[in-house]
Amino acid sequence: MIYVTKSTLPEFEEYVEEIRDIWESHRLTNMGPKHESLRNMLGEVLGAPYLELAVNGHMAIELALKALDLSGEIITTPFTFASTTHAIVRSGLTPVFCDIDPSTCTIDPQKIEALITKETTAILAVHVYGRICQVEELEKIAQKHGLKVIYDAAHAVGETYLGKGIASYGDASAYSFHATKVFHTVEGGAVSCRDKKTAEKLYALKNFGMNPDGEVGDIGMNSKMSEFHAAMGLCNLRHLKEMIQERKKRVELYQENLKDCPGIEILPDQKHVVSNYAYFPIFIHKEEIGMDRDQVCALLYENGFFARKYFYPLTSEFPCYQGKFPIQETPIAHERSIQVMTLPLYPDLEEENIMEICRILKSLGK
Ligand SMILES: *Cc1c(COP(=O)(O)O)cnc(C)c1O
């Protein structure tokens, strides 16, 4: 069975070598030397003025929301992983769902202003599949209405837009370093931000609200990354470029084979974006091939390929939210969620598997 993803691992010896000093120092966690060097190196990759590591990507989003001291309503996208919306709701904030641009699946800036009320304090957008949001448009709207902009950049680690690291955009961005992501620390995450004050707040919040003097000035949490996780990150970071290059080759093979395939839509490459090739989503047009997305998924499964319905359903359609707050209609996001599936993609996925998946997809409707 070929799964949608397979976690990358460094050579066993490389990791063992990396954790050797931990036995000498006995520093296992609490912002030790591995943590600090990973933080510095990642800060450069992401182009982050300030960066704080966290225990995972979900807590990174919650940390960002808390550090920016938000209240009321947050305009966001329902075309995302559960974590984005859960982070808003778990922080005592109300999500307001905005529709997406079908060509990128990111939040549609043209639909945001109609959703702004006196309660709105921020926009939480997602660089979904590593597709960069319309950052300039979002910035303009935010400036005009005095809102903060936060990006869920879980999919965008290693990317640049207009030659700048993705941390250059927004008031804060949250990253996931989960095992399934392009860059991982097994479990892990980070938040980048623009100013020192927010960075200090993030540092305290992830450590029970304690500032460096030990004073508890905030109601914090425990969201610290351990030295073992940071060590995995240091190893994986050495190979990140090469891993992205391997992904790129595989994405190009998919693109070449599926570009004129009736009923299968692929997203165009984005201008000015250096991609990390995190995911390869395709969109099934039932009217052209007489099969819907679920049937195409089932067919691939019968042939040993596990494609994922990522993101289906929309987070706004989750049973846990029904009746809790008003839920806005987002017809484009809904349609995309019915059409989409992500194909297997990881650095050592065999070319013959890609060719077989493409052969199956090309035979549909014939
Ligand atoms: C993976 C992911 C998260 C959560 O990250 P974890 O590290 O798994 O907690 C949040 N948002 C999106 C879009 C994700 O894909």
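Definitions and limits used
Throughout, a residue's number is its position along its own chain's written sequence, starting from 1. Per-residue local features of the predicted model are confined to residues with pLDDT of at least 70, and side-chain atom pairs are confined, for both listing and counting, to 80 or more; whole-chain, interface and lining totals are unaffected and use all residues. Just so you know, side-chain values use all the structure's heavy atoms and leave hydrogens and water out. Secondary structure counts use DSSP, requiring at least four H or I residues in a row for a helix and at least two E residues in a row for a strand, with both numbered from the N terminus. The classification of residues rests on relative accessible area computed with a 1.4 Å probe and restricted to protein chains. Under 20% of the type maximum is buried, over 50% is exposed, and intermediate values are partly exposed. Contacts are assigned to residue pairs with any non-hydrogen atoms lying within 4.5 Å of each other. To estimate how far a helix should reach, multiply one less than its number of residues by 1.5 Å. For two strands to be treated as a pair, DSSP must find no fewer than two bridges joining them. By convention in these notes, a residue is near a molecule or strand provided one of its non-hydrogen atoms lies within 4 Å of it. Polar contacts, as used here, are pairs of N or O atoms within 3.5 Å; protein pairs need one atom able to donate a hydrogen and one able to accept it. Residues neighboring in sequence count only if both atoms are side-chain atoms. Accessible surface is estimated by sampling points in the Shrake-Rupley manner with a 1.4 Å probe; for residues, cover comes only from the protein chains shown. Detection works on a 1 Å grid of protein atoms alone, calling trapped sets that fit a 1.4 Å probe cavities and calling open sets with protein on both sides within 12 Å along at least five of seven lines pockets, with lining residues defined by an atom within 4 Å of a point. Grid points define the cavity or pocket, and a molecule sits in it when more than half of its atoms lie within 2 Å of them. Residue polarity is assigned by list, with Asp, Glu, Lys and Arg as charged and Ala, Val, Leu, Ile, Met, Phe, Trp, Tyr, Cys and Pro as nonpolar; anything else, Gly included, falls into the polar class. Only four residue types enter the charge count: Lys and Arg as positive, Asp and Glu as negative, with His and the chain ends excluded. Definition used for salt bridges: Asp or Glu carboxyl oxygen within 4 Å of a side-chain nitrogen of Lys or Arg. Here, nonpolar core refers to any group of buried Ala, Val, Leu, Ile, Met, Phe, Trp, Tyr and Cys residues whose side-chain atoms link them within 4.5 Å. These domain limits were set by an automatic method or by a database of domain assignments.

It is worth spelling out the side chain of Thr104 at this point. Here Thr104 lies in the loop between strand 3 (94-97) and strand 4 (120-126). Here Thr104 falls in the buried class, since its relative accessible area comes to 10%. Setting aside its immediate chain neighbours within four residues, Thr104 contacts Val128, Arg131, Leu267 and Gln270.

The next thing to look at is helix 8 (residues 240-258). The terminal C-alpha atoms of helix 8, which comprises 19 residues, lie 27 Å apart, in line with the 27 Å expected from a rise of 1.5 Å per residue. Looking at helix 8, one finds that the buried residues are Leu240, Met243, Ile244, Arg247, Arg250, Val251, Leu253, Tyr254, Gln255, Asn257 and Leu258. Contacts made by the buried residues of helix 8 are with helix 2 (33-46), helix 7 (227-238), strand 10 (264-266), strand 12 (281-284) and helix 12 (351-362).

Quick look at the sheet that holds strand 6 (residues 160-161) now. Spatially, three strands are ordered 7-6-11 in an open sheet, and the strand pairing comes out antiparallel. Looking along the sheet, the strands with just one partner apiece sit at the ends: strand 7 (164-165) and strand 11 (273-274). One ladder, built from two bridges, connects strand 6 with strand 11; its direction is antiparallel. Residue pairing for strand 11: Tyr161 is matched across the bridge by Val273.

Once that is clear, we can look at the site of the ligand. Taken together, the neighbourhood of the ligand is formed by 16 residues, with Gly57, Asp152, His155, Ser176 and Lys181 sitting nearest. Side-chain polar atom of Asp152 to a nitrogen atom of the ligand: 2.7 Å apart, as the coordinates give it. When the free accessible area of the ligand is taken as 380 Å², the share hidden by the protein chains comes to 92%. Judged by its atoms lying within 2 Å of the grid points, the ligand is housed in the largest pocket. Ranked by residue count, the leading element in the shell around the ligand is helix 3 (residues 57-67), at three residues. Of the residues in the shell around the ligand, the class split is four nonpolar, 10 polar and two charged.

With 12 residues, helix 7 should cover 16 Å at 1.5 Å per step; its first-to-last C-alpha distance of 17 Å lies within 8% of that length. Most of helix 7 is tucked away: nine of the 12 residues are buried. The set of residues buried in helix 7 consists of Glu227, Ala230, Ala231, Met232, Gly233, Leu234, Cys235, Asn236 and Leu237. The backbone nitrogen of Phe228 has a side-chain oxygen 3.3 Å away, supplied by the residue at the start of helix 7, namely Ser226.

This next bit is on the side chain of Arg247. You can see Arg247 is positioned in helix 8. Buried and unpaired, Arg247 has no salt bridge, with Asp348 as the nearest side chain of opposite charge at 8.9 Å.

A separate point is the nonpolar core. Within the largest apolar cluster, 86 residues are counted, with the highest numbers of intra-cluster contacts made by Phe79, Tyr129, Tyr175, Leu258, Ile282, Leu343 and Leu361. Sort the elements by how many residues they give to this core and helix 8 lands first, with six residues. Counting contributing residues, this core receives three or more from each of domain 1 (12-98 + 106-238) and domain 2 (240-362). Among the nonpolar cores identified, the runner-up in size contains 25 residues, and Ala60, Leu63, Ala67 and Ala122 belong to it.

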